[in-house]
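# Notes for the structure review
Residues per chain are reported as follows:
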Amino acid sequence: MSGPSSYQPQNAFLKWFEARLPIIGLVHSSFVAYPTPKNLNYWWTFGGILSFMLGVQIITGIVLVMHYTPHVDMAFDSVEHLMRDVNYGWLLRYLHSNGASMFFVAVYIHMFRGLYYGSYKEPREVLWILGVIIYLLMMATGFLGYTLPWGQMSFWGATVITNFFSAIPIVGETVVTWLWGGYAIGNPTLQRFFSLHYLLPFVIAGVVVLHVWALHVAGQGNPTGVEPKSSQDTVPFTPYATVKDSFMMVVFCIVFAWFVFYVPNYLGHADNYIPANPGVTPMHIVPEWYYLPFYAILRSIPDKLAGVIAMFSSILILVFLPWLDTSKVRSASYRPLYRVFFWIFVAACLGLGYLGSQAPEGIYVIAARILTAYYFIHFIIITPLLGLIETPKPLPNSISESVLKRSGAVAALLALLVGGATFLGSTPSALAQEKQEIHETPIPPRNTWSFAGPFGKFDQQQLQRGFKVYKEVCSTCHGLKFLSFRNLAEAGGPGFTEAQAAAIAADFKVQDGPNDQGDMFERDGRVGDAFPPPTTWKNEAQARQLYSGTVPPDMSVLAKARTYERGFPWFLLDIFTQFQEEGVDYIVALMKGYEPAPAGFTLPAGGNYNKYFPSNSIAMPPPLTDGLVDYTDGTKSTIEQQAKDVAAFLAWAAEPHMEARKRIGFQVMVFLVIFAGLMYFTKKKVWADVHGHA
Amino acid sequence: MSSAEPSRRDFLYIATGTVGAVGAAAVAWPLISQMNPDASTIAAGAPIDVDLGPIAEGQVIKVFWRSKPIFISHRTKKEIDEAKNVNVASLPDPQPDSARVKEGHDQWLVVIGICTHLGCIPLAHQGNYDGWFCPCHGSQYDSSGRIRQGPAPANLYIPPYAFLSDTKIRIG
Ligand code: FES
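Please read all numbers here as calculations on a predicted model, not as lab measurements. (Residues numbered from 1 in each chain as written. Chains lettered and ligands numbered in written order. Predicted model: local features only at pLDDT ≥ 70, side-chain atom pairs only at ≥ 80, totals over all residues. Heavy atoms only, no water.)

### Looking at the overall build of chain B
Secondary structure assignment for chain B yields three helices and 10 strands. Each helix (α) and strand (β) of chain B, taken in turn from the N terminus, gives the series α-α-β-β-β-α-β-β-β-β-β-β-β. Scaling as 2.2 N^0.38, a compact globule of 172 residues should have a C-alpha radius of gyration of about 16 Å, whereas chain B reaches 26 Å, well beyond that. When its C-alpha atoms are laid out on the principal axes, chain B stretches across 90 × 35 × 30 Å. The burial tally for chain B puts 37% of its 172 residues in the buried class. In chain B, once contacts between residues fewer than 6 apart in sequence are set aside, the share between residues at least 24 apart is 51%. (Helix = DSSP H or I, 4+ residues; strand = E, 2+ residues; numbered from the N terminus. Rg over C-alpha atoms; globule rule 2.2 N^0.38 Å. Buried < 20%, exposed > 50% of the residue type's maximum accessible area, 1.4 Å probe, protein only. Contact = heavy atoms within 4.5 Å.)

Okay, structure coming up:
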């Protein structure tokens, strides 16, 4: 992509081929001989990482489509089927869902790198704008993809986001109806979102080609911002950049794998494990983390249209950045003032992100407004002004002359972490207190679970007891439809034998038919059958009639569908401690949380007071009593014990491949650490002569 | 540069490349394996029981096992005799009738109803051999499900099955 190739094939066939289609020469000149500044630091490896992540998303996505059904009645179920029955389905889905987040992590680092080193400045304006287009396409793709599992967040996220367009004067409603293909989000919406979600990554890939092309025309920037002057200043892309990029890719994969194998649902929302329900909106609609700053901007403006405009402007303003920045000096390393404001801007973005995740109340709204204003001020006033008033430090004559230490990158990373942490840490503790008051329900106490942590395993005895509780107590009202009897005998589960699973199945009556006479009939369950629906209610209308307007939820994914707010700083520490048991802790707390209603609390008819239930009034009467379930293994059958056992059983039911996930995760981690080490030394060896001469 | 230096470097490169290749291969496995039948499909392929009672002499019924059509033919005396009195050596896929039915249950022929040519479903009671005729490319099977004429290379396959009683079989 940078002029005629110097590639001269030796082999006669390659000569013949190259004369007709010079593709090898193209690759050679773009990715082998291409001169790359020799002083690039590790922040420059994220372009390669992004290409890698795009590849990961496309490959895993194509595979997921082989098992996914884009229909409102089947989408949620098909995802659960993928997670449970398809070989490595859980792995592929977690790779894809966490891959999206990792993609955004990488793109944000890449973008802030560009902002810090002035990568958008002449002659790289088009390169930068193409990047903004890719970013917008990524946002659209991520949003469309999050709709597909058709959980509560999918549905309501889609509702909220598509309603942005209703802010358009006059034609807004028409546009939204057109987007939906109906009068609300429905099956036509899901199908078109699916189609577009499949299309857009390939559009991204196309724009990436343009982006790389533009990059190879203008040449890569570098930490000094001084253009390379001689071949002294550059090294060939291969092996130097290739090996360096690959090393960082492996390091990045360690982070990626940590999320996939140890905290796969951390970046998602528990509510998305509840099937979409057009009649009930979740308490807090929160988009995926990577949209949070923009979501905060949207909500901080008290006018619908203005809010939407502000949100879109906050991204589109990036397009004009090359002309808003009046400084001729590219790199912040030589711009003492800009460097300070850059970090303030980073902190403002992180702050907006945090505020976007919080309920829009009280001080949060004020803080979000201040930061929104600052966001725009940074671009419209500070950036143009700085170029005029700042005295840059003297630039080096050439890259070779510059003595930019590598510690610069490390220092920047530290500053980023410290900056982010101090900002989050400085959120006044008054906020936390105010929040406590908003909380009507106490935090569920933590329990110790055998399956917690990187090497956690289910306690088979406990799962068997928990199953007994489910069967004898819960199953009257609650289904378990994503589980089959055969699962009870599968590895990583309660450890029933095949014969025991068959006997359990035979205890249940299953609807089958029609038979040759055309009649439905009941028969004993077989191992291949799914758990039959509860017998006490036939359909949701009847359930509502019976249970004061509520439908007893299916319990298959309940342990992943419930959570409580962790609050700062726990929500960050959870990544490292791998705390994943909010759902089970909540279930235990709920089982034990029945109390007489306090004075002044009016319990609605048919309600039972429970201090852990969000509204404190739950239709389910206290389900457990001491000794209710007869344990045969000598365990004392207390309420506490039954609650823990059934919660553990539900944890397994929600994630039947958890043990495999953690086991494979450990192997992957060991592999990646060894590979990263090898890559590091390889990189050092390859670069030895360059550093030697510098 | 000493002579030991290049070899140590080569070793590092080879080790890194090998570990990378192993990793790539390991990543490929889940991507390949996910296309195999999933656990629910395998579970649904469990054996099925078929009651032979209602099948009249001369009737052929079709049941499904593992999503495949299974023909169960209640053969008439004439069909049994034809199947037996054939010069086995002259057949394209020589197999005596006794190898195609269960001993003592001569009247019951159970075959997978998929043409061994390219997978179409042959039609019962058609063709010149009191058996099946495949409409796709004209293969003809006899009353023992053996290929007699046409492009199919082999006899209709026999699924695994057993008699639970005289009037009940379990396929699979
Ligand atoms: S498929 Fe039956 S003859 Fe070709």
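And the narrative resumes.
### A few points about the pattern of salt bridges
Residue and element names in this part refer to chain A. Under the counting rule described, the total for this entry stands at 31 salt bridges over all chains. Ionic pairing is found between Asp-633 and Arg-465, a salt bridge with its closest N-O pair at 2.8 Å. Taken together, the residues span a long stretch of sequence, with Asp-633 in the loop between β6 (617–618) and α23 (639–654) and Arg-465 in helix α17 (residues 460–472) at a distance of 168 residues. Look at Asp-633 and you get partly exposed, because its relative accessible area is 33%. (Salt bridge = Lys/Arg side-chain N within 4 Å of Asp/Glu carboxyl O.)

### Side note on the sheet that holds strand β7 (residues 140–141) of chain B
All names here are of chain B. As summarised here, the arrangement of the four strands in space is β5-β6-β7-β8, forming an open sheet in which the pairing is antiparallel. Both outer strands of the open sheet, β5 (123–126) and β8 (147–149), are each paired with one neighbouring strand and no more. Here strand β6 (residues 131–133) runs beside β7; their pairing, made up of two bridges, is antiparallel. Bridge pairing links Trp-132 to Tyr-141 in β7. (Pairing = 2+ DSSP bridges.)

### Observations regarding the packing of helix α4 (residues 75–84) of chain A against helix α5 (residues 89–116) of chain A
Residue and element names in this part refer to chain A. Contact geometry of α4 with α5 gives a least axis separation of 5 Å together with a crossing angle of 120°. What the angle tells us is that α4 and α5 run oblique. Contacts between α4 and α5 involve Val-79, Leu-82 and Met-83 on the former and, on the latter, Gly-89, Trp-90, Arg-93 and Tyr-94. (Axes fitted to C-alpha atoms, helices over the stretch in contact; angles between N-to-C directions. Parallel < 35°, antiparallel > 145°, perpendicular 65-115°, else oblique.)

### Some remarks on the interface of chain B and chain A
Accessible area lost upon the coming together of the parts is a frequently used measure of interface size. Taken together, the contacts link 21 residues of chain B with 21 residues of chain A. Counting across the interface, chain B meets chain A through zero salt bridges. In this assembly, chain B and chain A are joined by five residue pairs in polar contact (both at pLDDT 80 or more). Those elements giving two or more residues to the side of chain B that touches chain A turn out to be α1 (4–33) and α2 (39–44) of chain B. When residues in the side of chain B that touches chain A are grouped by element, the largest group, 13 residues, is from α1 of chain B. Class assignment of the residues belonging to the side of chain B that touches chain A gives a composition of 11 nonpolar, seven polar and three charged. (Polar contact = N/O pair within 3.5 Å; in protein donor to acceptor, adjacent residues only side chain to side chain. Nonpolar A, V, L, I, M, F, W, Y, C, P; charged D, E, K, R; others polar.)

### So, the domain arrangement of chain A
All names here are of chain A. According to the domain assignment, chain A contains domain 1 (1–33), domain 2 (34–431 + 663–693) and domain 3 (460–483 + 530–656). In this complex, domain 2 contributes 20 residues to the contact, which on the side of domain 3 involves 22 residues. For the domain 2 face of the interface with domain 3, the top three residues by lost area are Arg-84, Tyr-266 and Tyr-273, together amounting to 32%. The interface formed by domain 2 and domain 3 holds one salt bridge in total. With its nearest N and O atoms 3.8 Å apart, the salt bridge here joins Asp-77 to Lys-481. Here domain 2 and domain 3 share seven residue pairs in polar contact (both at pLDDT 80 or more) between them. Looking at the side of domain 2 that touches domain 3, the elements with two or more residues in it are α4, α10 (237–262) and α15 (407–426). A total of five residues in the side of domain 2 that touches domain 3 trace back to one element, the largest contributor, which is α4. Here the side of domain 2 that touches domain 3 is built from residues that sort into 14 nonpolar, three polar and three charged. (Domains from an automatic or database assignment. Buried area = accessible area lost by both parts, 1.4 Å probe.)

### Topic: the nonpolar core
Counting residues in each nonpolar core, the largest one holds 134 residues, and the members touching the most others are Tyr-135 and Tyr-375 of chain A. The next biggest cluster of nonpolar side chains, apart from the first, holds 46 residues, and it includes Tyr-470, Ala-505, Ile-587 and Ala-651 of chain A. (Core = buried A, V, L, I, M, F, W, Y, C linked by side-chain atoms within 4.5 Å.)

### A short note on the sheet that holds strand β3 (residues 68–74) of chain B
All names here are of chain B. Taken in spatial order, the three strands line up as β2-β3-β4 in an open sheet, and their pairing is antiparallel. The strands lining the two open edges of the sheet, one partner per strand, are β2 (60–65) and β4 (108–112). Shown here is a sheet whose adjacent strand axes are inclined to one another by a mean of 25°, direction ignored. As paired strands, β3 and β4 are joined by five bridges and run antiparallel to one another. Following the sheet pairing, Phe-71 is matched in β4 by Val-111.

### Things to note about the pairing of β3 of chain B
All names here are of chain B. The buried fraction of β3 amounts to six of the seven residues, a majority that puts the element mostly inside the structure. By the bridge criterion, six bridges tie β2 to β3 in an arrangement that is antiparallel. Bridging across to β3, Val-63 finds its partner in Ile-70. Hairpin connection of β2 to β3: two residues between the antiparallel strands, including Arg-66 at a positive phi of 50°.

### Examining the environment of Gly-221 of chain A
Residue and element names in this part refer to chain A. Tracing the chain through its elements places Gly-221 in the loop between α9 (187–218) and β2 (234–236). Residue classification places Gly-221 among the buried residues on the basis of a relative accessible area of 18%. Each C-alpha atom, one on Gly-221 and one on Arg-330, is 9.0 Å from the other, the two residues being 109 residues apart in sequence.

### As for the environment of Ala-505 of chain A
All names here are of chain A. Mapped onto the elements, Ala-505 comes out in helix α18 (residues 498–507). Spatially, the C-alpha atoms of Ala-505 and Thr-174 are 52 Å apart, while their sequence positions differ by 331 residues. The contacts of Ala-505, once residues within four sequence positions are left out, are Phe-485, Asp-524, Gly-525, Arg-526 and Val-527.

### Observations concerning the state of the cysteines
Considering all chains together, one arrives at one disulfide over all chains under this definition. Disulfide pairing is shown between Cys-120 of chain B and Cys-136 of chain B; the S-S distance is 2.0 Å. Linking Cys-120 of chain B and Cys-136 of chain B, the disulfide has an S-S dihedral of approximately -90° and is accordingly described as left-handed. On the criterion of sequence distance, the pair formed by Cys-120 of chain B in the loop between β4 and β5 and Cys-136 of chain B in the loop between β6 and β7 is long-range, its members being 16 residues apart. According to the relative accessible area criterion, Cys-120 of chain B is partly exposed, its value standing at 21%. With no disulfide partner, Cys-477 of chain A has as its closest neighbouring cysteine sulfur the one in Cys-474 of chain A, 9.2 Å distant. Judged by relative accessible area, which is 22%, Cys-477 of chain A ranks as partly exposed. (Disulfide = S-S within 2.5 Å.)

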